[in-house]
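Coordinate analysis (summary)
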Amino acid sequence: TGIGGIAVLFIDLDEFKSVNDRFGHAAGDELLKAIGHRLRGALRAGDVPARLGGDEFGLLVYNVDTEDVARAVAQRLFASLNTPFSLDGISVPVKASVGVSLNLQGDTAQDLLRNSDAAMYLAKHRGKDRFEIFDSTRHGGILEQMKLRNDFTGAIERNELVLHYQPQVDLLTKKTVGAEALIRWRHPTRGFLYPNDFISLA
């Protein structure tokens, strides 16, 4: 095809809700258009930007044959957002968390999207306003965490969260003096999960 390797960049704007809260949704939409224009300007001819929904963007970048090239693309993207935007005459800085995935190992389109989303999730987790390049050997745990996050959606509606009571016993009298309420997630394939496995997802 002559397009070389492909990279997918998943871009999630940091704290964008505060812009909508402060300026209103109409101004927020105008800012998203301006951001899209900046992102398009940071790409080469033939590369494809897209708004994925809400404050999320995706970039499809061709001829990316090494991680260094992908890194340079991500850095150029960050540079394009460096100058604050103007909303109602007020300077508004825009920060983003970006995940990058490459198809150097023959990944499918679905793999690339999932992996770039996982890398973006890791960028958020590591402090935002940064990019991460997906590496299956280092980021496999993030994919598992994302799957768990997706499974958690609707867990209440499916009655998968159950309440257990841990009795508190007076060791001198051997009498129960209270109880601690503990939530458990009855996962459909993984069995009972303890709070440290899913409270952060909630």
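For the structure given in this document, a descriptive report is provided here.

Moving on, we get to the environment of lysine 175. Inspection of the secondary structure assignment puts lysine 175 in the loop between strand E8 (161-169) and strand E9 (176-187). Since its relative accessible area comes to 57%, lysine 175 is described here as exposed. With 99 residues separating them in the primary sequence, lysine 175 and arginine 76 have C-alpha atoms 67 Å apart.

What follows concerns the packing of helix H1 (residues 16-23) against helix H2 (residues 25-41). Orientation of H1 relative to H2, taken along the N-to-C sense of each, is 135°, at an axis distance of 7 Å. Our classification of the angle between H1 and H2 gives oblique. Here Phe16, Val19, Asn20 and Phe23 of H1 lie close against H2, whose contacting residues are His25, Ala27, Gly28, Leu31 and Leu32. When grouped by side-chain class, the residues that make up the contact of H1 with H2 number 6 nonpolar, 3 polar and no charged.

This paragraph deals with the pattern of salt bridges. Across all of its chains, the model carries 11 salt bridges by this definition. A salt bridge links lysine 124 to aspartate 14; its shortest N-O distance comes to 2.6 Å. Remark: aspartate 14 occurs in the loop between strand E1 (6-13) and H1 and lysine 124 occurs in helix H4 (residues 109-125); sequence separation between them is 110 residues. Among the ionic pairs, glutamate 132 bridges to arginine 130, the shortest N-O distance being 2.7 Å. Glutamate 132 gets classed as buried once you look at its relative accessible area, which sits at 7%.

The next point concerns the sheet that holds E1. Taken in spatial order, the 5 strands make up an open sheet running E2-E3-E1-E6-E7, and their pairing is mixed. Of all the strands in the sheet, just strand E2 (48-53) and strand E7 (130-133) have a single pairing partner and so form its edges. Direction aside, the axes of adjacent strands within the sheet are offset by 20° on average. Bridging between E1 and strand E6 (residues 96-102) involves 7 bridges; their strand directions are antiparallel.

Turning our eyes to something else, we now look at the side chain of serine 80. If you trace the backbone, serine 80 turns up in helix H3 (residues 67-81). Assessed through its relative accessible area of 15%, serine 80 is described here as buried.

Turning next to the side chain of aspartate 55. Note on placement: aspartate 55 falls in the loop between E2 and strand E3 (56-62). No salt bridge is formed by the buried aspartate 55. Its closest oppositely charged neighbour is lysine 124, at 6.2 Å. Beyond its immediate chain neighbours, meaning those up to four positions away, aspartate 55 contacts Ile11, Asp12, Leu13, Phe16 and Leu32.

On to unusual backbone geometry. Backbone geometry places aspartate 88, a non-glycine residue, at a positive phi of 50°. Looking at where aspartate 88 falls in the secondary structure, it is placed in the loop between strand E4 (85-87) and strand E5 (90-92). Positive phi outside glycine occurs at lysine 128, with the angle close to 70°. Tracing the chain through its elements places lysine 128 in the loop between H4 and E7.

Here we take up the nonpolar core. Ranked by size, the top nonpolar core spans 33 residues in total, and within it Leu9, Ile11, Leu13, Leu31, Ile35, Leu77 and Val98 carry the most contacts. Top contributing element to this core by residue count: H3, with 6 residues. The residues touching leucine 77, leaving out its near neighbours within four places in the chain, are Leu9, Ile11, Leu39, Ala42, Leu59 and Val98. Of all hydrophobic cores here, the second largest spans 14 residues; its members include Ile142, Ala155, Trp185 and Leu201.

Rules used throughout
- Residues numbered from 1 in each chain as written.
- Predicted model: local features only at pLDDT ≥ 70, side-chain atom pairs only at ≥ 80, totals over all residues.
- Heavy atoms only, no water.
- Helix = DSSP H or I, 4+ residues; strand = E, 2+ residues; numbered from the N terminus.
- Buried < 20%, exposed > 50% of the residue type's maximum accessible area, 1.4 Å probe, protein only.
- Axes fitted to C-alpha atoms, helices over the stretch in contact; angles between N-to-C directions.
- Parallel < 35°, antiparallel > 145°, perpendicular 65-115°, else oblique.
- Contact = heavy atoms within 4.5 Å.
- Nonpolar A, V, L, I, M, F, W, Y, C, P; charged D, E, K, R; others polar.
- Salt bridge = Lys/Arg side-chain N within 4 Å of Asp/Glu carboxyl O.
- Pairing = 2+ DSSP bridges.
- Lys, Arg positive; Asp, Glu negative; His and termini not counted.
- Core = buried A, V, L, I, M, F, W, Y, C linked by side-chain atoms within 4.5 Å.

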